[in-house]
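Given next are the chains, with one letter for each unit.
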Amino acid sequence: MNSFLALQFTPPDVSFALIAPELIICVVGVVVMMVDAFARPNQRWVTGSISLAGLLAGAAATIWLWLSWDGASQAFNGMIVLDELRLGFTLVFLIVSALTVLISMVWVENEKLPAGEFHSLLMFATAGMMLMASGGDLVILFLGLEILSIATYVLAGFRRTDVRSNESSLKYFILGSLSSAFLLYGIALTYGATATIGGLPGTTNVAEIARRLNDAQYPPLLFAGAAMMLVGFGFKIATAPFHIWTPDVYEGAPTPVTAFMAAGPKAAGFAAFMRVFVFGFPFAAAASKTISGELHSAWVSVLVVLAIMTMTIGNIAAIVQNNVKRMLAYSSIAHAGYALVGFIAAGAASGVEQRNAAITAVTFYLLTYAVMNFGAFAVVQLIARAGDRRTEVEDYNGIGFRSPALALTLSLFLLSLLGTPLTAGFIGKILVFRAALEQGYVILVVIGVLNTAISAYYYLRLIIVMFFRERTTSWMAPPIPASIAIALVITVAGVLYLGLFPGQVINALQAKPIVTMSLR
Amino acid sequence: MGPQLSWYLALSAILFTIGVVGVIIRRNVIAMFMCIELMLNAVNLTFVAFSSFFQDVTGQLFVFIVMTVAAAEAAVGLGIIIAIFRNRESLDVDEASVMKL
């Protein structure tokens, strides 16, 4: 009873400044919904503009948090944290969302879809992603994941009358809910397992979990919980044995939504995955002596196997695809594998500095992937025309000389996805592979490089098809709407800038004082 | 001897397994959907069991959040099912194969 009274008189640990970006995006989502309800049918572009303005405001708030950074901090009793993992990922999500708005602006009009609903769902999905990066407690991570997932299920099935879109949405929904249930069961077991021998009840706070690992009352439950969470997150970021849903879902969903799903929710999955595993089950010195050491070496070695499988299966399956969206889906699986290499390096790092460098490498990798992936999908969307009808490789025959601008931009993005020097993809790969080498994972790097060589086949194949294959049917270059042109300019500039002058961005991602979560 | 914590955990593990198996082997979307709900409720049982055993309220709060999320998921899931039924008049997942693996 005493502790209950004491709790009542403690002022709640509220800090609106710390969740300002999330708040802004949520409010914008609601505003977009209200504006859409009262707007006239020919004023649909308004909601897109409001969303863009909101995303800019969210980015401004994030940068403000970044500039006023004085060490990691937390609010809402550890539910929300501000640390080295959060800000970089938040900016990636905002960029992804802004590019989605740009490439979908004309598309929603042409397909006669409700623009306001699309944009508000997108805003809520973005808010969910941001919560996944900022949550310091398994409750918030789960809530963020569900806000994101439920909005994305609807977005995948947004072309309601199209059977492919329905199917994509259904498959995403069933497997997404299944993976959420696994994640949740893992959380429940971890909550039970972290009760200490000293009599403290279980906890769902990530930093607190890390502190209690060695006093855990039920170590087997802890292992089971970690395994369940690994499966749940594995589904979300589409690692190899859990990737089967990805190609179907990505192929069937409308192209702008596919671009969003490949970049945004995947990055958010990585943010939450790293939060739980790198910070919750951190490196421990005596590997086989303590519970935390055993747990750490167990999850790192499982991830090594998953990363190898993901890279290999993604690339080999991509070779045999004849549908461009499906090929890019497998390519996104392969890229998740490369990012996992950086994740493993972050998990295996013994020093805080190395760990942060590896986290920066993963963030940078996902940023470059988002930029080049959006560029590629923007071109694919233009070529696919209304209803996503032309997405086969044959539809790209000989368009290189009919529409050099489009073909050259797509080639640039494909070369960047492949990881050619002077493009963003190259620097991203170098960073994650270097982080893995520093931790002594030579085998992972070798397999990663071999896989890059395999991937050359299917990326270059599309370029060859565009420039050196005769076209028998007539083909008119699609008109490029202004919003897509802006998106293409941004992504081309991004690929070249991140490829030629990556130093500034990497430094910005890294230039934060080093504070560990577990020491706070 | 009253009910032990391990009994509840075993029951929820069994329920969860039934749910997983159901999602994998059932071919009707509604049945799969119900199996997912079963999995979520197995999780809720785990949380409540731990919560009551520890005399701690965190687990029960988590249950409320899970229930809310499950309700939202049910609304969206049934919406998707209705959309697919309108276009195809069938709820058999084996027929949902326009795109091949």
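Note that the structure is a prediction, hence the values are computed from the model and not measured. (Residues numbered from 1 in each chain as written. Chains lettered and ligands numbered in written order. Predicted model: local features only at pLDDT ≥ 70, side-chain atom pairs only at ≥ 80, totals over all residues.)

All right, on to the overall build of chain A then. Along its length, chain A carries 19 helices and two strands. Here the C-alpha radius of gyration of chain A, 23 Å, is about what a compact globule of 520 residues would show, namely 24 Å. Overall, the C-alpha framework of chain A stretches about 80 × 55 × 40 Å when taken along its three principal axes. Per-residue burial for chain A yields a buried fraction of 61% across its 520 residues. Of the contacts made within chain A by residues no fewer than 6 positions apart, 78% connect residues no fewer than 24 positions apart. (Helix = DSSP H or I, 4+ residues; strand = E, 2+ residues; numbered from the N terminus. Rg over C-alpha atoms; globule rule 2.2 N^0.38 Å. Buried ≥ 20, exposed ≤ 12 C-beta atoms within 10 Å, placed from the backbone. Contact = placed C-beta atoms within 7 Å.)

This part takes up the overall build of chain B. The helix and strand inventory of chain B stands at three helices and zero strands. Looking at chain B alone, contacts between residues at least 24 apart form 46% of all its contacts between residues at least 6 apart.

Further remarks concern helix H9 (residues 219–237) of chain A. For H9(A), built from 19 residues, the straight-helix expectation of 27 Å at 1.5 Å per residue is met to within 8% by its first-to-last C-alpha distance of 27 Å. Immediately beyond the C-terminal end of H9(A), within one or two residues, lies A:Ala238, with a positive phi of roughly 60°. (Expected span 1.5 Å × (residues − 1).)

Each partner contributes to the interface: chain A provides 33 residues, whereas chain B provides 31 residues. For the side of chain A that touches chain B, the secondary-structure elements that each account for two or more residues are helix H6 (138–156), helix H7 (163–193) and helix H10 (245–252) of chain A. The leading source of residues in the side of chain A that touches chain B is H7(A), at 17 residues. Looking at the side of chain A that touches chain B residue by residue, the classes come out as 18 nonpolar, nine polar and six charged. (Nonpolar A, V, L, I, M, F, W, Y, C, P; charged D, E, K, R; others polar.)

Looking now at the confidence of the model for chain A. Residue and element names in this part refer to chain A. On average, residues of chain A score 88 in pLDDT, and 95% of them are at 70 or above. Ranking the helices and strands of chain A by mean pLDDT puts H6 first, with 95, and helix H1 (residues 2–9) last, with 53. Contacts of residues 513–520 to residues separated by more than four positions or lying in other chains number 19 contacts, the stretch itself having pLDDT below 50. (pLDDT = per-residue confidence, 0-100.)

With that settled, the discussion passes to the nonpolar core. All names here are of chain A. One finds Ile344, Val362, Ala370 and Val432 to be the most contacted residues of the largest nonpolar core, which totals 222 residues. Among the elements that take part in this core, helix H14 (residues 352–384) stands out by supplying 22 residues, more than any other. With sequence-adjacent residues up to four places away left out, Ala370 is seen in contact with Val92, Ile95, Val96, Ala263 and Ala267. (Core = buried A, V, L, I, M, F, W, Y, C linked by C-beta atoms within 7 Å.)

With that settled, the discussion passes to the environment of A:Ile447. Residues and elements named next belong to chain A. Tracing the backbone shows Ile447 in helix H17 (residues 442–468). Overall, the presence of 19 C-beta atoms within 10 Å leaves Ile447 in the partly exposed class. Setting aside its immediate chain neighbours within four residues, Ile447 contacts Ile308 and Met311.

We now examine unusual backbone geometry. Of note, A:Leu422 is a non-glycine position whose phi angle comes to about 80°, a positive value. Topologically, A:Leu422 is positioned in the loop between helix H15 (404–418) and helix H16 (424–438). Although it is not a glycine, B:Gln55 sits at a positive phi angle of roughly 55°. Within the secondary structure, B:Gln55 is located in the loop between helix H2 (29–54) and helix H3 (58–88). For B:Gln55, a count of 7 C-beta atoms within 10 Å gives the class exposed.

So, about the confidence of the model for chain B. Averaged over every residue, the pLDDT of chain B is 87; residues scoring 70 or more account for 88%. Taken over the whole predicted complex, pTM reads 0.92, whereas the ipTM for its chain interfaces reads 0.93.

Moving on, we come to the environment of A:Ile344. Residue and element names in this part refer to chain A. If you trace the backbone, Ile344 turns up in helix H13 (residues 324–348). On the basis of neighbour counts, which here come to 28 C-beta atoms within 10 Å, the residue Ile344 falls in the buried class. Residues Ile344 and Ala370, spaced 26 residues apart in sequence, show a C-alpha to C-alpha distance of 20 Å. Once residues within four sequence positions are removed from consideration, Ile344 is found in contact with Val300, Leu303, Val304, Ala307, Ala436, Tyr441 and Leu444.

Glancing now at the packing of helix H5 (residues 115–134) of chain A against H6(A). All names here are of chain A. At their nearest, the axes of H5 and H6 sit 7 Å apart, and the two run at 155° to each other. As summarised for this structure, H5 and H6 are arranged roughly antiparallel, according to the angle between their axes. The handedness of the crossing between H5 and H6 is left-handed. Taken together, the residues of H6 that come into contact with H5 (itself represented by Leu121, Phe124, Ala125, Ala127, Gly128, Met129, Leu131 and Met132) are Ile140, Leu141, Leu143, Gly144, Leu145, Ile147, Leu148, Ala151, Thr152, Val154 and Leu155. (Axes fitted to C-alpha atoms, helices over the stretch in contact; angles between N-to-C directions. Parallel < 35°, antiparallel > 145°, perpendicular 65-115°, else oblique. Left-handed = near helix turned anticlockwise from the far one by under 90°.)

In helix packing, the relevant descriptors are the interaxial angle and the interaxial distance, both defined with respect to the helix axes. All names here are of chain A. At a closest axis distance of 11 Å, the pairing of H9 and helix H12 (residues 291–319) adopts a crossing angle of 25°. The orientation of H9 relative to H12 falls into the category roughly parallel. Judged by the sense of rotation from one axis to the other, the crossing of H9 with H12 is right-handed. Residues Pro219, Leu222, Phe223, Ala226, Leu230 and Gly234 of H9 lie in contact with H12, whose contacting residues are Ile291, Leu295, Ala298, Trp299, Val302 and Leu306. Of the residues assigned to the contact of H9 with H12, the class counts are 11 nonpolar, one polar and no charged.

Our next topic: the environment of A:Leu138. All names here are of chain A. The residue Leu138 is located in helix H6 in this model. Along the sequence, Leu138 and Val206 sit 68 residues apart, while their C-alpha atoms lie 6.7 Å from each other. For Leu138, the contacting residues outside a window of four places in its chain are Ile187, Thr204 and Val206.

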